[in-house]
Amino acid sequence: MAKAIAQSRFNKLVEDISGLYLNAREAYAQCAWEMGRRIFEEEQNGEVRAAYGTELLPRVSQELTRKYGAGFSVTTLKDVRMFYSQNQKGQPADLLSWSDHVQLMRVKDPKVRKALAKRAVRENLGKREVHRLVSSVNNSAATKPAP
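From a predicted model like this one, the values you see are computed outputs, not experimental measurements.

This paragraph deals with the nonpolar core. Within the largest apolar cluster, 14 residues are counted, with the highest numbers of intra-cluster contacts made by Ala 32, Ile 39, Val 80, Phe 83, Trp 98 and Met 105. Secondary-structure elements contributing two or more residues to this core are helix H1 (2–45), helix H3 (74–86) and helix H4 (98–104). No other element matches H1, which puts five residues into this core. Sequence-distant contacts of Phe 83, defined by excluding residues within four places in its chain, comprise Ala 29, Ala 32, Trp 33, Pro 92, Trp 98, His 101 and Met 105.

Structure (structure tokens):
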């Protein structure tokens, strides 16, 4: 009897932690989309021009890294900007992790990217599987002759 109770408590613990993890994953995707939106809007609608524009991301990266530590590299800021620019009509489903979204952003064709995202969700693909899938699609696209 005690073992059954222990197992049910263990299952509850795993369920609770899974929920927290999924909530955090969803929150990070939302955060990345919002950060990308702000950067995109500043670059598109602000007074960003040639010299200043080329320095915006490095300056933002430096300041955020100073304030909060790692996680705000210029590459990451470019990724969040791309994430937003590819999804301006609204944030994509939060069923994928940020690393999945980063991989999928490398697919240039929006229809193919959307289909791959749906497949990744439907098949519950892990990070490595999404990476392989994207690489496969990109490699096959690169080897097709131009029309």
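Attention now goes to the layout of surface pockets. Taken as a whole, the largest pocket encloses approximately 400 Å³ of empty space. Every residue lining the largest pocket is counted, 17 residues in all, and those nearest its centre are Asn 87, Pro 92, Arg 113, Lys 114 and Ala 117. Listing elements by their share of the lining of the largest pocket, those giving two or more residues are H3, H4 and helix H5 (110–122). With six residues, the single largest contributor to the lining of the largest pocket is H5. The calculated volume of the second largest pocket comes to roughly 190 Å³. Taken together, twelve residues make up the lining of the second largest pocket; nearest its centre are Leu 22, Arg 25, Leu 95, Leu 96 and Asn 124. Contributions of two or more residues to the lining of the second largest pocket are made by H1 and H5. Counting residues per element, the lining of the second largest pocket draws most heavily on H1, which supplies three residues. Partitioning the lining of the second largest pocket into residue classes produces six nonpolar, two polar and four charged.

Let us now look at unusual backbone geometry. Note: most peptide bonds trans; most residues except glycine with negative phi. Of note, Asn 124 is a non-glycine position whose phi angle comes to about 50°, a positive value. Of the residues examined, Asn 124 reaches a relative accessible area of 68% and is grouped as exposed.

Summed over all chains, the structure comprises eight salt bridges. Notably, a salt bridge pairs Asp 16 with Lys 12, separated by 2.8 Å at the nearest N-O pair. On the criterion of helical spacing, the pair formed by Asp 16 and Lys 12 is a turn pair, its members being four residues apart in helix H1. Here the residues in one salt-bridge network are Glu 34, Arg 37 and Glu 41, joined through shared partners.

Here the focus is the confidence of the model for the protein. Summing up the model confidence of the protein, the mean pLDDT is 85 and the portion of residues at 70 or higher is 86%. Per-element confidence in the protein is highest for H3, whose mean pLDDT is 94, and lowest for helix H2 (residues 50–68), whose mean pLDDT is 83.

Tracing the sequence through the fold places Arg 113 in helix H5. The exposure class of Arg 113 is buried, given its relative accessible area of 11%. Residues Arg 113 and Gln 86, spaced 27 residues apart in sequence, show a C-alpha to C-alpha distance of 9.9 Å. At 2.5 Å, the side chain of Arg 113 and the backbone oxygen of Val 107 are in polar contact.

Cut-off values and rules
- Residues numbered from 1 in each chain as written.
- Predicted model: local features only at pLDDT ≥ 70, side-chain atom pairs only at ≥ 80, totals over all residues.
- Heavy atoms only, no water.
- Core = buried A, V, L, I, M, F, W, Y, C linked by side-chain atoms within 4.5 Å.
- Buried < 20%, exposed > 50% of the residue type's maximum accessible area, 1.4 Å probe, protein only.
- Helix = DSSP H or I, 4+ residues; strand = E, 2+ residues; numbered from the N terminus.
- Contact = heavy atoms within 4.5 Å.
- 1 Å grid on protein atoms, 1.4 Å probe; cavity = no way out; pocket = protein on both sides within 12 Å on 5 of 7 lines; lining within 4 Å.
- Points joined across faces, edges and corners; volume = space filled by probe spheres on them.
- Nonpolar A, V, L, I, M, F, W, Y, C, P; charged D, E, K, R; others polar.
- Salt bridge = Lys/Arg side-chain N within 4 Å of Asp/Glu carboxyl O.
- pLDDT = per-residue confidence, 0-100.
- Polar contact = N/O pair within 3.5 Å; in protein donor to acceptor, adjacent residues only side chain to side chain.

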